[in-house]
Each structure stands twice: as structure tokens, then as C-alpha cells.
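Understanding the architecture of this molecule
For reference, the chains in residue letters:
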Amino acid sequence: MSHKIFPAFNVVITALKEEKVIAYPTEAVFGLGCDPDSEKAVQKLLALKNRPWEKGLILISDNYERLCPYIDDKQLSELQKATIFSFWPGPVTWVIPAKITTPKWLTGRFSTLAVRVTDHPLVKQLCSIYEKPLVSTSANLSGLEPCRSVEEVRQQFGDRIPILEGKVGERKNPSEIRDALTGKLYRQG
């Protein structure tokens, strides 16, 4: 599928293809992301955040189908799927059993993967153009508040990462995280 790539997306799409880390606006804060299939890119992201790989990461996408290669949704009942879809697109991240083929650099020490279908228009467009989900973690250095503007991303990271310029959504907190099998709340949104 071919897309016309708008100038604002050129730099970040090129960076993703070159296995680099990018920053982009989400529903509440700026996210750091990269190609989920590139161990090299994920290692760069983890080093940049000073984040241990064991914690696992979130994948964000414009649609559910792009997440299916990474999650084992056959373990979910129709009711569990209906519950998930009732929150998407939106700022709720669901922890779903991962396929055994999903790389450990995404799942960390877990057999699950945290995934979200976003309703942020720029991220939706970015995933659509790139034709993949993206790794998504808050854009902030360890110990600092998550960035909520392009200026804050530049203050914390300088020119080290390309930024998809835009505004974050109206939400005050990063995405809520829930377990798809049990409904357990891991992080309040």
C-alpha cells in the first residue's frame, strides 16, 4: 500500500527505517518510539531512557490488525475482546498474552505484551504510513517528568532524536494499563 508522505513525516519515517529512536505526541505526553522489529533500535531506546529491558515495552498502533503479529489473541474470549475494543481507539493500554515468536526485547521478562490502539491523529497517521506499530514509552530521561511539548523534548534530549512535531492530546496522565485476561488495573490513567 502506497502513501503520499507529507514533509512532517519524512524525517521520522527515515529515522525509523534507519533503526533510530523518534519522539512523537500521544494522548497525554510525548512518546519515544522505534521499529518494534529492530533489536538495535529498541536497545538504543532503552539506553536513552536508562530503562531495564526486563520491564517490557508498549506497542502503539493505528489499528488492531497491526498488533496481531505480536499478540496471541486466541487466548482471549469474545467478551474480553469486546471489552478491549470498547476502549479503543483511545488511551487504554491492554496487557495481552504475547505470541511465542514475539521478541524478548519487547516483552521483557513477561509472556505478555502491552498494546494500545491510539486515537491521536498524528500517531495514527505515522503508523499508517510506516505500516507497523511503534514501540511507545514516555519521552523523558530517568527521574524527569514526561515531556508534553516539542520544546520539552528538545530540553531533555537535545538534537539526539527526530521529533514528529505536534500537540499532545487533552489527557493529563499517561495511558491506563489493564490486564486483558483479568481486567486488573496496573496503572491508573
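- The name given to the chain in an unreviewed UniProt entry is Threonylcarbamoyl-AMP synthase, with the source organism recorded as Xenorhabdus poinarii G6.
- Entered under Subcellular location (unreviewed entry) in the UniProt record, the comment concerning the chain runs "Cytoplasm".
- Note on the chain: under the UniProt heading Sequence similarities (unreviewed entry), the record states "Belongs to the SUA5 family. TsaC subfamily."

**Structural notes on the nonpolar core**
- In terms of nonpolar packing, the biggest core is built from 38 residues, with Phe30 and Leu32 touching the most fellow members.
- Contributions of two or more residues to this core are made by β2 (30-33), α2 (39-49), β4 (92-97), α4 (104-107), β5 (112-117) and α6 (150-157).
- The dominant element in this core, judged by the number of residues it contributes, is α2, at five residues.
- One finds Ala15, Val123, Leu126 and Ile129 within the second-largest nonpolar core, a separate group that totals 15 residues.

**Considering the side chain of Lys49**
- Among the secondary structure elements, Lys49 is positioned in helix α2.
- Glu145 provides the closest opposite charge to the buried, salt-bridge-free Lys49, at an N-O distance of 11 Å.
- With residues near it in sequence (within four places) discarded, Lys49 still touches Leu32, Thr137, Ser138, Asn140 and Ser142.

**A word on the packing of aromatic side chains**
- Applying the stated criterion across every chain yields a total of four aromatic pairs.
- The interplanar angle of 50 degrees and the centroid separation of 6.5 Å between the aromatic rings of Phe85 and Trp88 together place this pair among those described as tilted.
- When its relative accessible area of 10% is taken as the criterion, Trp88 is described as buried.
- An aromatic cluster of three or more residues is present, and its members are Tyr64, Phe85 and Trp88.

**Some details on unusual backbone geometry**
- Cis rather than trans, the peptide bond between Trp88 and Pro89 has omega equal to -10 degrees.
- Among the structural elements, Pro89 can be located in the loop between α3 (78-87) and β4.
- Look at Asn50: it is not a glycine, yet its phi comes out positive at around 55 degrees.
- As for its placement among the helices and strands, Asn50 is situated in the loop between α2 and β3 (58-61).

**Focus on the pattern of salt bridges**
- Within this structure, the stated rule accounts for nine salt bridges.
- Across the pair Arg116 and Glu27 runs a salt bridge, and its minimum N-O distance is 3.2 Å. Pair noted here: Arg116 is in strand β5 and Glu27 is in the loop between β1 (22-25) and β2, with a separation of 89 residues, a long-range link.
- When the shortest N-O distance is used, the salt bridge between Glu78 and Lys81 registers 4.0 Å. On the criterion of helical spacing, the pair formed by Glu78 and Lys81 is a turn pair, its members being three residues apart in helix α3.

**Focus on the pairing of strand β7 (residues 176-179)**
- Of the strand pairs in this sheet, β4 and β7 are connected by four bridges, and their pairing is parallel. Looking at the pairing, Thr93 lines up with Ile177 of β7.

**Notes on α2**
- For α2, every residue scored as buried is listed here: Ala41, Val42, Leu45, Leu46, Leu48 and Lys49. Taken around the axis of α2, the buried residues stretch over an arc of 160 degrees, which confines them to a single face.
- Downstream of α2 by a residue or two, Asn50 has a phi angle that is positive, lying close to 55 degrees.

**Regarding the pairing of β1**
- Neither face of β1 is left uncovered, since the one carrying Ile22 and Tyr24 and the one carrying Ala23 and Pro25 both have all their residues buried.
- With four bridges connecting them, β1 and β2 associate as antiparallel partners. Among the inter-strand pairings, Ala23 is bridged to a residue of β2, identified as Leu32.
- Where β1 folds back onto β2 in an antiparallel hairpin, the turn is made up of four residues.

Calculation rules
Residues numbered from 1 in each chain as written. Predicted model: local features only at pLDDT ≥ 70, side-chain atom pairs only at ≥ 80, totals over all residues. Heavy atoms only, no water. UniProt positions renumbered as here; feature names shortened; annotations may be inferred. Core = buried A, V, L, I, M, F, W, Y, C linked by side-chain atoms within 4.5 Å. Buried < 20%, exposed > 50% of the residue type's maximum accessible area, 1.4 Å probe, protein only. Helix = DSSP H or I, 4+ residues; strand = E, 2+ residues; numbered from the N terminus. Lys, Arg positive; Asp, Glu negative; His and termini not counted. Salt bridge = Lys/Arg side-chain N within 4 Å of Asp/Glu carboxyl O. Contact = heavy atoms within 4.5 Å. Phe/Tyr/Trp six-rings, centres within 6.5 Å; stacked < 30°, edge-to-face > 60°. Pairing = 2+ DSSP bridges. Arc of directions from axis to C-beta.

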